[in-house]
Amino acid sequence: MNALTPDQLAVRNRGRRVLLLIFAMFFGSMALAGILRFSGWTPQITRNHGQLYEPAVDLRAERLQLADGQPYPWNPEARMWRIVLAPDANCAPACVTLSQQLDKVWQLFGHNADNVEILWLGTPPAQVAAMPALKVLQAQPAFRAKLPGVDDPAGTPVYVIDPNGFVVLRYAPGFEPGGLRADLSRLLKLK
């Protein structure tokens, strides 16, 4: 057995250190990813601003009617996303502000605005400006009752319904409109 010279020992030890460093970097990053994943941490960009419903609330069986009595079809082929609000009868000042915020959000969608409708369940206050995306639906208590947390004492929640008729997101009263815009913008890219 030949003894290694000091130079050969130094080269061997350096090679082992490099191998251990590569091993530590590879398995250390995997361990860190596992710890983050199982602790529930998610990157900020993947978080929703609204409350995500999993499983989504199925409203496809509901037959909605516009204020003029015409049926409102779900029509999934059109890929239309819906922002829905079902305020109580005496929400006039808050509803006017909410309608202005939703109109601004809708306008900020730009060319994607054609794929978003705002559904108002019941009669909106007279001060609510006519918005191009606004569709007024007849008050339908059965439909309203299926919206989760609709009778929030803090005010009127807003919902996002996918093209198939599933409630996927809920925004609590007093939500930040920019959060709704960000969430729906991501959803519109899923076409």
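The structure we're discussing is the one just above.
Residues numbered from 1 in each chain as written. Predicted model: local features only at pLDDT ≥ 70, side-chain atom pairs only at ≥ 80, totals over all residues. Heavy atoms only, no water.

## Side note on helix α1 (residues 6–38)
One turn of the α-helix equals 3.6 residues, which is why residues spaced by three or four share an orientation.
Consideration 1: Taking 1.5 Å per residue as the helical rise, α1 with its 33 residues ought to reach 48 Å, and the 47 Å between its terminal C-alpha atoms agrees with that figure.
Consideration 2: Looking one or two residues beyond α1, the residue adopting positive phi is Gly 40, at roughly 95°. (Helix = DSSP H or I, 4+ residues; strand = E, 2+ residues; numbered from the N terminus. Expected span 1.5 Å × (residues − 1).)

## Side note on helix α2 (residues 92–108)
Consideration 1: Between the first and last C-alpha of α2 there are 24 Å, a value that for 17 residues agrees with the 24 Å anticipated at 1.5 Å per step.
Consideration 2: Looking at α2, one finds that the buried residues are Cys 95, Val 96, Leu 98, Ser 99, Leu 102, Asp 103, Val 105 and Trp 106.
Consideration 3: Against the buried residues of α2 lie β4 (81–85), β5 (116–121), β7 (158–161) and α4 (177–188).
Consideration 4: With its phi angle positive at about 60°, Gly 110 sits one or two positions after the end of α2. (Buried < 20%, exposed > 50% of the residue type's maximum accessible area, 1.4 Å probe, protein only. Contact = heavy atoms within 4.5 Å.)

## Focus on the pattern of salt bridges
Consideration 1: Inspection of every chain in the model, using the stated rule, returns 5 salt bridges.
Consideration 2: Ionic pairing is found between Lys 146 and Glu 62, a salt bridge with its closest N-O pair at 2.7 Å. One end of the pair, Lys 146, is in helix α3 (residues 141–146); the other, Glu 62, is in the loop between β1 (51–58) and β2 (64–65), and 84 residues separate them in sequence.
Consideration 3: Taking the relative accessible area as the measure of exposure, Lys 146 reaches 39% and is therefore partly exposed.
Consideration 4: With a closest N to O distance of 2.6 Å, Arg 144 and Asp 151 form a salt bridge.
Consideration 5: Relative accessible area serves as the criterion here: at 60%, Asp 151 is assigned to the exposed category. (Salt bridge = Lys/Arg side-chain N within 4 Å of Asp/Glu carboxyl O.)

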